[in-house]
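Per-entry structural report
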Amino acid sequence: MNWEAAGAIGEIVAAFAVVITLVYLAISIRQTARSISIAGLRDVTAQWNQWSEMLATSPELADVVARGNVDPATLSASEALRYGAFIQSFFDNVESYRTLVTDHGMDKDLQVLASIVSRRVTIPGFAAWWEENTADYGDDFIAWVEDIRREAS
């Protein structure tokens, strides 16, 4: 065997090793991305559960939310603060979840989320809070919520 043949064999082996390494890296990256997505979904689900739990475990907050939903002007200053924080938590959770499902092409989840938002933005207190606080959110999210509001009315 001459040196040229040995060099050619070495190049073939090296190229094969590079291909195997690239395939391995692609698989690893895909698995890591999936793990991150799953962790993100878990975090957002925990946020939603915490939001629901706040209402379910606090009769006082439930009363504030029930009254604020009908007419936020009837709330005392401290109740209005609690009501606003509760509504902000909802929209913050929606924004986080929307970003996650949009980034991962989860169209069914986005439809479910839009349905949830649609039911909330027709509630007078939610609608009033949203109108006063839209500046706290990104333009894309605002446009998405506004589209839902138009369809809901």
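Please refer to the structure higher up on the page.
An account of the accompanying structure is given in this report. (Residues numbered from 1 in each chain as written. Predicted model: local features only at pLDDT ≥ 70, side-chain atom pairs only at ≥ 80, totals over all residues. Heavy atoms only, no water.)

With respect to a nonpolar patch on the surface
- A surface patch of nonpolar side chains, about 540 Å² in accessible area, is lined by Val-18, Leu-22, Tyr-24, Leu-25 and Ile-29.
- If you trace the backbone, Tyr-24 turns up in helix 1 (residues 3-57).
- Using a relative accessible area of 56% as the deciding quantity, one classes Tyr-24 as exposed. (Patch = residues over 30% accessible without salt bridge, like charges linked within 9 Å, V, L, I, M, F, W, Y side chains within 5 Å. Areas by Shrake-Rupley, 256 points an atom, 1.4 Å probe, with all protein chains shown as cover. Salt bridge = Lys/Arg side-chain N within 4 Å of Asp/Glu carboxyl O. Helix = DSSP H or I, 4+ residues; strand = E, 2+ residues; numbered from the N terminus. Buried < 20%, exposed > 50% of the residue type's maximum accessible area, 1.4 Å probe, protein only.)

Structural notes on the layout of surface pockets
- Taken as a whole, the largest pocket spans an internal volume of roughly 150 Å³.
- Around the largest pocket sit Trp-48, Trp-51, Ser-52, Tyr-97, Asp-109, Val-112, Leu-113, Ile-116, Arg-119 and Arg-120, which together line it.
- Contributions of two or more residues to the lining of the largest pocket are made by helix 1 and helix 4 (107-121).
- Sort the elements by how many residues they give to the lining of the largest pocket and helix 4 lands first, with 6 residues.
- When grouped by side-chain class, the residues that make up the lining of the largest pocket number 6 nonpolar, 1 polar and 3 charged. (1 Å grid on protein atoms, 1.4 Å probe; cavity = no way out; pocket = protein on both sides within 12 Å on 5 of 7 lines; lining within 4 Å. Points joined across faces, edges and corners; volume = space filled by probe spheres on them. Nonpolar A, V, L, I, M, F, W, Y, C, P; charged D, E, K, R; others polar.)

Focus on the packing of aromatic side chains
- All chains considered together, the criterion is met by 11 aromatic pairs.
- Ring geometry for Phe-90 and Phe-91: centres 5.1 Å apart, planes at 80 degrees, overall edge-to-face.
- With relative accessibility at 0%, the residue Phe-90 sits in the buried group. (Phe/Tyr/Trp six-rings, centres within 6.5 Å; stacked < 30°, edge-to-face > 60°.)

Overview of the packing of helix 4 against helix 6 (residues 139-152)
- Relative orientation of the contacting elements helix 4 and helix 6 amounts to 65 degrees, with a least axis distance of 9 Å. The element helix 4 and its partner helix 6 pack so that their crossing is right-handed. Residues Leu-110, Leu-113, Ala-114, Val-117, Ser-118 and Val-121 of helix 4 pack against Trp-144, Val-145, Ile-148, Arg-149 and Ala-152 of helix 6.
- Looking at the contact of helix 4 with helix 6 residue by residue, the classes come out as 9 nonpolar, 1 polar and 1 charged. (Axes fitted to C-alpha atoms, helices over the stretch in contact; angles between N-to-C directions. Left-handed = near helix turned anticlockwise from the far one by under 90°. Contact = heavy atoms within 4.5 Å.)

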